[in-house]
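Analysis of the macromolecular model
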Amino acid sequence: MKADSIHLFDFLGSGKTIFEIPVFQRNYEWDKSQCEQLFNDLTIAAQNDTDHFIGAIVYVTETGNKMSHIYRIIDGQQRLTSLTLLLKALSVADEQDQDEIEEEYLTNKYLHDNNHLKLKPVDHDYEAFSSVMNGMVNVDKPSKVIDNYHLFQKLIKNSAIKSSKLYEAMNHFNMVYIELNNNPNEENPQVIFESLNSTGVSLSSSDLVRNFLLMKLNSQQQSELYKKYWVKIEQMFATKTFAEFIRHYLIVKTHVSVRKNDVYGSYKDYFISEGLNSEESLADLFKFANYYDQILNHKTKDTEFNKFLEHINVMDSKVVFPYLMLLMDLVNSGQIQREEANTLASILESYLFRLKVCQLPSNGLNNIVVGLCDLSKAHGNLRLRLLRLLKANFPDDHKLADSLMEKDIYHQRNHLAKLVLVILEENRTKETIDFNNAQVEHILPQRLNAEWRLQINNADKVKEQYGNTIGNLTLTKYNQEMSNTTYNEKKDFYRNSNVSLTREIPKSYDHWGREAIKDRTAKLTQELLQIFPMPNIKEVSEREITGEYTIDQTVDVTGTKPILITISENEYPVKSWRQMLVTFLNDIWNKDSHNYDLIKENKQLGRMLFRKNFLHSVKLENGVNIETNFSATVILAIIAKISEICDITDQVSYTVK
C-alpha cells in the first residue's frame, strides 16, 4: 500500500492511465448542492491562491494494454467524476487552454482503450459521460452527468473569475491517494474499503455485499459476474427490499436471526465460514432472489401456492419469507413434492390468519421461522416440526369464532376485512377477485340516519358492538352510491351484485339488525373455519411437550426436563432447569459484560438472582453467586426477561423431553 498527498493535476496527468470505476460501484449521484460546493471551493482557492484539500481517492492498480495503468477506484469515484466534468466545462469555456486540458487530464492521446478517455464510469453513466467528453451532449434522457456538466458551465459563465484563472486554481486542489494492489501479502482492498465506509452513511448493506463479492476479482471477472448475476437481482428489488432479501436469505442459510443493521457482517461471516467463492455465492443469491421475487409477486408455477403467497403478502407477514424460500428450494431440488409444500404453506397461512383475526402478538414468529429453517431438527418430518413450533400459540376454533363475533376486523391493518371477504368469495365461486378494486361495504352504515335508528332498537349500540364485525361487511362496487341508505333500498343493489356474498344477503335476511349480523357472522365463521382449518395435532397433543420452543412461547413445562438451550448460533446441552439458567447467564457474561450489568441493575431480577441469603446458590464463571432455587416456570420467565433486556429474544430457544 502506498499513500501520500498529491495535487489534482499531478494525479490526473499520469500518462496512459485509465481511472476505471468498477461495474459494481454506484451510479453517479452527486446533486446540485454538492457540485455548487465544489465550485465554491475552487473559487476560494482562486481568490486566495492557496491549496484546498478535497478528500481521498483509493484505488487498486492493474496493468493494462500497451504498458498502460488501470486505477480501479474503490473510494472517491463520485468526486473524481465531478472534477472531470468540471475540467471539461472549463476546457469548453477557455479556448486558450482547451487543448492542454483535453490532452493532459481528460484523454489518453496514444491509448485507444476506453475511446481515449481517462475516466471510465459505470455502464449506466457511460453513454452520457462519453457524449459530454466528445462534445455531443445527449439530452434525450435524464442524466446527472449531463445535468451537472451543464451546471458547471453555468457556474463558470456567471463567475466573476475568468475561466483561465479557475483552471489554474484547480491545481490548488490537494488530495490524499491510497494505492493498493491485490498482492495477498499486502493490505486487502476490501478491508480498506470497509474502514473508509465504517460511518455507514452512504452505502446500503446490499452495496457492501456486492462490493465484498466483486472487489477481490479482476476487471473482466467483475464485469462478467456483475452482468450475469448482480444487475439482474438489482432489477428485481428496490434498495430496501434488496437488503431485506439478503437478511432473509441468511436466515435460510445460517438458521440464525439476523438484525437489520448487521446484514453485511453476517453475510461476510457466512461467506468465510462456508469457504465460498464469489461466483457460486452470486449464483446462489440469484437463485434465491428469483424465489423472493416470485413470493413478492405471488407468481410461481403453482396456482395453489400462489394463493397462499398472495394472502400472506396482504397480511404483511414477511417474517415467514425465509421459510417460504426454503420450501420453494426443497421443491425445486426434488427433496419434497409440491403437494407437501402446499400443505405446509396452508398450515402456516391458517396460523397467520388466526393470529391476525384474534389480534394476538406475532413477535415470536421470527424465532419460529429461524427454527423451521434448520432442517437438521426436522428429522425428515417437516409437518411435525412445523406443528411443534406453532402449537403453543395456534388459536383454536373457539378462539377464532369468538374473535370474529366480537372484534373490530374492519379497522385492522392491511385491509384484513377486505382480505377475509375476498377469500370467502373466491372460495365460493373459484374465481379470482381483484383485491385492489374490491370495496368493503357496511350493511349497517358507519353513519346512522333517522331511518336506521327507527328500524333498529338501540341502533347506535348495535353499530358500536357489531358494526365492524365480519357479519356486517360485504363486497361491492357501489358503496359510495349506497352510503347510509336504508336496508330496503340497499337490497335492490345487493340483488344485482356480481358478488355472491352480497347477492345472498337480501335472500337470507328480510330485516337487518343485531340478530341478522350475529347470524351472518356465525355462518361466515363456519366457512372460514373450513378455509383456514385447525391442523390435526394428535401427533403433538397438548400433553406432549417434547420439542423445541422459543423463549417467548407460553408452554407448561411442569414435569419435563430441558436437554438443550440455544443462544444465537450456540447450542448448550443441559440436564436441569437450574443448569439451563446458569448456562444462560454464563453466555451473557462471556458475550457482553455490559448486558450482564444491566441484569444486575434490574430491581426485580437483582432481588431474585443476587440476594444476600441464598437458598441454593451456584457460582457463575465470573465468580458471582446466583440463586437457582426456582421452579421451571419461573426460570423460563427469568430467561425470557433477561432476553428482553439484552434484546436477544428472537435468538433464544430451548428443547425439552
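Now for a look at the structure at hand. (Residues numbered from 1 in each chain as written. Predicted model: local features only at pLDDT ≥ 70, side-chain atom pairs only at ≥ 80, totals over all residues. Heavy atoms only, no water.)

**Overview of the packing of helix α16 (residues 338-357) against helix α18 (residues 382-390)**
Under the convention used in this document: Structural elements are reduced to axes, namely lines fitted to C-alpha atoms, with helices fitted over the stretch in contact, and the angle between N-to-C directions of any two is expressed from 0 to 180 degrees. Helix and strand labels come from DSSP, where a helix needs a run of H or I of at least four residues and a strand needs a run of E of at least two; each type is numbered from the N terminus. Here roughly perpendicular refers to angles of 65 to 115 degrees, roughly parallel to angles under 35, roughly antiparallel to angles over 145, and oblique to all remaining angles. Residue contacts follow a heavy-atom distance rule, with two residues in contact if any of their heavy atoms lie within 4.5 Å. Basically, the charged four are Asp, Glu, Lys and Arg, the nonpolar ten are Ala, Val, Leu, Ile, Met, Phe, Trp, Tyr, Cys and Pro, and anything else, Gly included, counts as polar.
Interaxial distance between α16 and α18 falls to 10 Å at its minimum, and their mutual angle equals 10 degrees. Between α16 and α18, the crossing angle belongs to the class labelled roughly parallel. Counted together, E340, L344, I347 and Y351 of α16 and L382, R383, L386, L387 and L390 of α18 form the full contact between these two elements. Its residues assigned to classes, the contact of α16 with α18 comprises seven nonpolar, no polar and two charged.

**So, the nonpolar core**
What counts is decided by this rule: Side-chain atoms within 4.5 Å link the members of a nonpolar core, which is a set of buried Ala, Val, Leu, Ile, Met, Phe, Trp, Tyr and Cys residues. The buried label applies to any residue whose accessible area, calculated with a 1.4 Å probe on protein chains only, is under 20% of its type's maximum; exposed applies above 50%, and partly exposed to all values in between.
L213, F245, Y267, Y323 and L324 are the most contacted members of the largest nonpolar core, which totals 107 residues. The greatest single-element share of this core, amounting to 10 residues, is contributed by α16. When residues no more than four places from it in sequence are discounted, the contact partners of F245 are F237, L285, F288, A289, Y292 and M325. The next biggest cluster of nonpolar side chains, apart from the first, holds 51 residues, and it includes Y28, L80, L87 and F173.

**Focus on the sheet that holds strand β1 (residues 2-7)**
Selection criterion: Pairing between two strands is assigned when DSSP locates at least 2 bridges connecting them.
Taking strand neighbours across the sheet as the criterion, the six strands line up as β1-β6-β3-β4-β2-β5 in an open arrangement whose pairing is mixed. Each end of this open sheet is capped by a strand with a single partner; those strands are β1 and β5 (119-120).

**Some remarks on the packing of helix α9 (residues 205-214) against helix α12 (residues 263-273)**
Under the convention used in this document: Two helices cross in a left-handed way if the nearer one is turned anticlockwise from the farther one by less than a right angle. They cross in a right-handed way if the turn is clockwise.
Packing of α9 against α12 leaves a shortest axis separation of 8 Å and a crossing angle of 30 degrees. The angle between α9 and α12 falls in the class roughly parallel. As α9 packs across α12, the resulting crossing turns out to be right-handed. Residues S205, L208, V209, F212 and L213 of α9 form the contact with α12, whose participating residues are V263, Y264, Y267, K268 and F271. Across the contact of α9 with α12, the residue classes break down as eight nonpolar, one polar and one charged.

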